[in-house]
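# Topology and contacts: notes
Spelled out, the chains give:
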Number of protein chains: 2
Amino acid sequence: MGGQQALRRTLHERGMRMTPQRQLVLDAVRELGHATPEQICQHVQLTAPAVNITTVYRTLDLLDRLGLVRHTHLGHGAPNYSVDEHEHVHLVCHRCGRVEEVPCEVLAPVGGTLRDRYGFELDASHLALSGSCRECSKETP
Amino acid sequence: MGGQQALRRTLHERGMRMTPQRQLVLDAVRELGHATPEQICQHVQLTAPAVNITTVYRTLDLLDRLGLVRHTHLGHGAPNYSVDEHEHVHLVCHRCGRVEEVPCEVLAPVGGTLRDRYGFELDASHLALSGSCRECSKETP
DNA sequence: ATAATTGCAAACAATTTGCATTCAG
DNA sequence: CTGAATGCAAATTGTTTGCAATTAT
């Protein structure tokens, strides 16, 4: 809830139009927490079966540029979209594929180091760290 | 330099065969520093034009499992291969796309935190951090 | 000899593009 | 009305698979 007028306004400010598809895609991202374009499309199609995956791709791209959603590449295939407020770092286990979410603040010290040494502004919420999770580390320590 | 006998031995230990293709792919990864399968294929084809990209994919996968090369997903499309010894963290600028390499040790503090709090063993060299680089940060601070 | 490896063509998955149609303002 | 947005089909990109031909040992 919350977003319908905000989206309409943001679009209108830039001469863009409000459409049911755009609302549905944003709602889907919000409801799913984080999901691939494919999953988002399926969720949207529960309500509006005619919506094409091309439109989902275009809309995700738009919402991303508007700063309403963000995406992360978790390593393998499709990227993972979530609403902008939903900030976290993804820990991807490269053995079992599991993805864990942890608060961005674990990266705070590194963010400082990178800024000081390399002038690089880390975007912690748009990020996946790879390694092996607790379970998998046990098996082959 | 270095690898011809090492590769032959490693393969032989596992009942696998030494072939010119495998040597050429490993050499290409070493010479290019870090590159996509496509780029590696092109480099190999300078010497052996008949080598197929399918073989490059299969060989990279093999070398990866043998621990001789590693790959990183830099965000967008194709993954990036480099030789195993070549350890570094990639800083990917999500504005201009530039990739900078910095020593893994900048992540040491985070590695400790993740291990202690979440039991997650971070693999720092198999990693890309996204953010904005010095140049791009200047433009829109 | 013979099992591993390669090349090729075709299949696949994820994403993008061109264009005619539809629709929000 | 009119340009922006959508749907559809086809093109692209990156990667994998099946299989017959080749080759290292």
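Here the structure is shown first, and the text comes after it.
Heads up: these notes are all about the structure in this document. (Residues numbered from 1 in each chain as written. Chains lettered and ligands numbered in written order. Predicted model: local features only at pLDDT ≥ 70, side-chain atom pairs only at ≥ 80, totals over all residues. Heavy atoms only, no water.)

Turning our attention to the packing of helix α3 (residues 37-47) of chain A against helix α4 (residues 53-65) of chain A. Residues and elements named next belong to chain A. For the pair α3 and α4, interaxial distance at closest approach is 9 Å and the crossing angle is 115°. Between α3 and α4 lies a crossing whose hand is right-handed. Here Pro-37, Glu-38, Ile-40 and Cys-41 of α3 come into contact with α4, specifically with Ile-53, Val-56, Tyr-57 and Leu-60. (Axes fitted to C-alpha atoms, helices over the stretch in contact; angles between N-to-C directions. Helix = DSSP H or I, 4+ residues; strand = E, 2+ residues; numbered from the N terminus. Left-handed = near helix turned anticlockwise from the far one by under 90°. Contact = heavy atoms within 4.5 Å.)

Around DNA strand C, 20 residues are found, and the nearest of them are A:Tyr57, A:Pro79, B:Arg17, B:Arg22 and B:Thr55. A share of 62% of the atoms of DNA strand C within 4 Å of the protein falls on sugar and phosphate groups. Residue A:Arg17 places a side-chain N or O atom 3.4 Å away from a base nitrogen belonging to DNA strand C. One of the side-chain nitrogen or oxygen atoms of B:Arg58 is found 2.7 Å away from a base nitrogen of DNA strand C. Elements represented by at least two residues in the surface near DNA strand C include exactly α4 of chain A together with α2 (20-32) and α4 (53-66) of chain B. For the surface near DNA strand C, the class distribution of residues is eight nonpolar, six polar and six charged. (Near = heavy atom within 4 Å. Polar contact = N/O pair within 3.5 Å; in protein donor to acceptor, adjacent residues only side chain to side chain. Nonpolar A, V, L, I, M, F, W, Y, C, P; charged D, E, K, R; others polar.)

One open sheet holds the four strands; their spatial order is β4(A)-β3(A)-β6(A)-β5(B), and the pairing between them is mixed. Strand pairing shows two members of the sheet lacking a second neighbour, β4 (99-102) of chain A together with β5 (121-122) of chain B, which therefore form its edges. Examined bridge by bridge, strand β3 (residues 89-93) of chain A and strand β6 (residues 128-132) of chain A share four bridges and lie parallel to one another. Bridged to A:Val92 within β6(A) is A:Ser130. (Pairing = 2+ DSSP bridges.)

Another point: the interface of chain B and chain A. Contacts between chain B and chain A engage 33 residues on the former and 33 residues on the latter. Buried area between chain B and chain A, summed over both chains or domains, comes out near 2,700 Å², and the portion from carbon and sulfur atoms is 62%. Contact with chain A buries area across many residues of chain B, yet B:Tyr118, B:Phe120 and B:Ser130 alone supply 23% of it, more than any other trio. Applying the counting criterion to the chain B and chain A interface returns two salt bridges. Across the salt bridge formed by B:Glu105 and A:Arg117, the nearest N and O atoms sit 3.8 Å from each other. Where chain B packs against chain A, one counts eight residue pairs in polar contact (both at pLDDT 80 or more). Going through the elements one at a time, β3 (89-93), β4 (99-102), α5 (108-118), β5, β6 (128-132) and α6 (134-139) of chain B are the ones with two or more residues in the side of chain B that touches chain A. (Buried area = accessible area lost by both parts, 1.4 Å probe. Salt bridge = Lys/Arg side-chain N within 4 Å of Asp/Glu carboxyl O.)

All names here are of chain B. Locating Val-25 in the fold gives a position in helix α2. The spacing of Val-25 and Tyr-118 is 93 residues in sequence and 38 Å in space, taken between C-alpha atoms. Look past the residues within four positions of Val-25 in its chain and what remains in contact with it is Ile-40, Val-44, Val-56, Thr-59, Leu-60 and Leu-63.

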